[in-house]
Amino acid sequence: MTQTDLQGELERMHAASFGWALLCCNHRREEAEEVLQISYMKVLEGNATFGGQSSMRTWFFGVIRRTAAEQRRRRWLQSQIFDRWQNGLAGSAPELDPERMASASECSRTLLQALTGLSPRQREVLHLVFYQDLTIEQASQVLQLTLGTARTHFERGKRQLRKILSQSGVQR
Amino acid sequence: MNSDDRELREHFAALRREEEARAPEFSALAAPGRSQGRPLWSGRVVAASVCVAAITAAGLWLETALHRPHAEPATPVASIAGWKPPTDFLLETPGRELLQTVPVIGALPEYAKAAAPHHKGVQVKKTVLP
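The shown structure was predicted, so the numbers you read here are calculated from the model rather than taken from an experiment. (Residues numbered from 1 in each chain as written. Chains lettered and ligands numbered in written order. Predicted model: local features only at pLDDT ≥ 70, side-chain atom pairs only at ≥ 80, totals over all residues. Heavy atoms only, no water.)

Enquirer: Sorry if this is basic, but what is going on with the nonpolar core here?
Expert: General note: in soluble globular proteins, nonpolar side chains tend to be found buried as a group. If you look at the biggest cluster of nonpolar residues, it comprises 53 residues, and the most contacted ones within it are A:Leu10, A:Trp20, A:Phe60 and A:Leu161. Apart from the residues lying within four places of it in its own chain, the contact partners of A:Leu161 are A:Leu111, A:Ala114, A:Leu115, A:Leu118, A:Leu126, B:Leu8 and B:Phe12. (Core = buried A, V, L, I, M, F, W, Y, C linked by side-chain atoms within 4.5 Å. Buried < 20%, exposed > 50% of the residue type's maximum accessible area, 1.4 Å probe, protein only. Contact = heavy atoms within 4.5 Å.)

Pasting the structure below:
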């Protein structure tokens, strides 16, 4: 695959990739942009190469997920070193970007809020299946899980999400 | 897919539409000379520079510490055996000699000799009191 083909393929997947990066960064827009930029650089500079074992999309989603985890670790380390001195321990619960929440519609806001009540794995599987229209098998490849594990996370996540949404009155 | 799945899928689809509308331009993120954000290598370069600077500083300090000639002290340090505290004179209390000597019967102590008049060979006659 030439550099131009690669760039064209990344551009075609850009919107979906941004959505995935947002989820990996707890819907913090700035972090998601940074993660996506680093992921693009990894691919375009040849630091991450597509082996062809899976689809280009599932492979690139894996790159984004790994990059987000690296960035999260880096931020955690920085917060341990610097913020701890100044502000004490920060809360570990995932917080949504307030700017993002303000600009979202009522329905999306409720969904985003409900998603924070799921485990990270459940959130990721549901996002990949419902948001990205991947199959559970493809989702398991992105998350490097067995198909059975991914299916379990999918079913439990769905059940939990329905429960939270029905409590908030969105779903009947 | 059941109706519940369809409903969840619709929620996610609405979220996707919103997020796609606000997604940044591909060229803004994939352009090599993007000024916003931090390139991947910048943190590593900074960390490596700090390590090199720290190692160099430690090396230089060791070098100077090892090759520094041992300077002799300006004044010789007094031995503890010969040292006298400045308040030692306070221990010289009056009548200290009395406590330091053992009295001998029939002999005048040194301090008493100094105080007594010199009547060599003169016998003092003792009188018996009535």
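Enquirer: What exactly am I supposed to notice about the interface of chain B and chain A here?
Expert: Interfaces are often sized by the amount of accessible area the parts lose when they come together. With 27 residues of chain B at the contact, the number on the chain A side is 42 residues. Taking both partners together, chain B and chain A bury about 3400 Å²; carbon and sulfur atoms supply 58% of that area. Connecting chain B to chain A are 4 salt bridges. A salt bridge links B:Asp5 to A:Lys158; the shortest N-O distance between them is 3.0 Å. Linking chain B to chain A there are 11 residue pairs in polar contact (both at pLDDT 80 or more). Elements supplying a minimum of two residues to the side of chain B that touches chain A: α1 (3-21) and α2 (26-30) of chain B. Split by residue class, the side of chain B that touches chain A holds 11 nonpolar, 4 polar and 12 charged. (Buried area = accessible area lost by both parts, 1.4 Å probe. Salt bridge = Lys/Arg side-chain N within 4 Å of Asp/Glu carboxyl O. Polar contact = N/O pair within 3.5 Å; in protein donor to acceptor, adjacent residues only side chain to side chain. Helix = DSSP H or I, 4+ residues; strand = E, 2+ residues; numbered from the N terminus. Nonpolar A, V, L, I, M, F, W, Y, C, P; charged D, E, K, R; others polar.)

Enquirer: I keep staring at the pattern of salt bridges and nothing clicks. Help me out?
Expert: When the charged atoms of two side chains with opposite charge come close together, those side chains can pair. As enumerated under the stated definition, the model contains 17 salt bridges over all chains in all. Where B:Arg96 meets B:Glu92, a salt bridge forms, and the shortest distance between an N and an O atom there is 3.2 Å. The partly exposed category is assigned to B:Arg96, whose relative accessible area is 28%. Taking the relative accessible area as the measure of exposure, B:Glu92 reaches 55% and is therefore exposed. Residues joined in a network through salt bridges with shared partners are A:Arg28, A:Glu31, A:Glu34, A:Arg74 and A:Arg75.

Enquirer: So what exactly am I meant to see when it comes to helix α7 (residues 120-131) of chain A here?
Expert: Residues and elements named next belong to chain A. Taking 1.5 Å of rise per residue, 12 residues should cover 16 Å, and α7 covers 15 Å from first to last C-alpha, within 8% of that figure. Of the residues making up α7, those classed as buried are Gln 122, Arg 123, Glu 124, Val 125, Leu 126, His 127, Leu 128, Val 129, Phe 130 and Tyr 131. Backbone geometry just after α7 places Asp 133 at a positive phi near 55°. (Expected span 1.5 Å × (residues − 1).)

Enquirer: Just checking my understanding: could you explain the packing of α7(A) against helix α8 (residues 136-143) of chain A for this structure?
Expert: A pair of packed helices is characterised by two quantities: the angle between their axes and the separation of those axes. All names here are of chain A. Orientation of α7 relative to α8, taken along the N-to-C sense of each, is 130°, at an axis distance of 9 Å. By the angle class used here, α7 and α8 are oblique. Here α7 and α8 pass one another in a crossing that is right-handed. Of the residues in α8, those touching α7 at Arg 121, Glu 124, Val 125, Leu 128 and Val 129 are Ile 136, Ala 139, Val 142 and Leu 143. Residues that form the contact of α7 with α8 fall into these classes: 7 nonpolar, no polar and 2 charged. (Axes fitted to C-alpha atoms, helices over the stretch in contact; angles between N-to-C directions. Parallel < 35°, antiparallel > 145°, perpendicular 65-115°, else oblique. Left-handed = near helix turned anticlockwise from the far one by under 90°.)

Enquirer: Would you explain a nonpolar patch on the surface in this entry?
Expert: Together, A:Trp76, A:Leu77, A:Ile81 and A:Phe82 give the surface a local cluster of nonpolar side chains, amounting to about 430 Å² of exposed area. Here A:Phe82 lies in helix α4 (residues 56-87). (Patch = residues over 30% accessible without salt bridge, like charges linked within 9 Å, V, L, I, M, F, W, Y side chains within 5 Å. Areas by Shrake-Rupley, 256 points an atom, 1.4 Å probe, with all protein chains shown as cover.)

Enquirer: I'm lost on the packing of helix α2 (residues 14-24) of chain A against α7(A) in this one. Help?
Expert: Residues and elements named next belong to chain A. For the pair α2 and α7, the least separation of the axes is 11 Å and the interaxial angle reads 160°. Judged by the inter-axis angle, α2 sits roughly antiparallel to α7. Of the two elements, α2 crosses α7, and the hand of that crossing is right-handed. In contact with Gly 19, Trp 20 and Leu 23 of α2, α7 contributes Arg 123, Glu 124, His 127, Leu 128 and Tyr 131.

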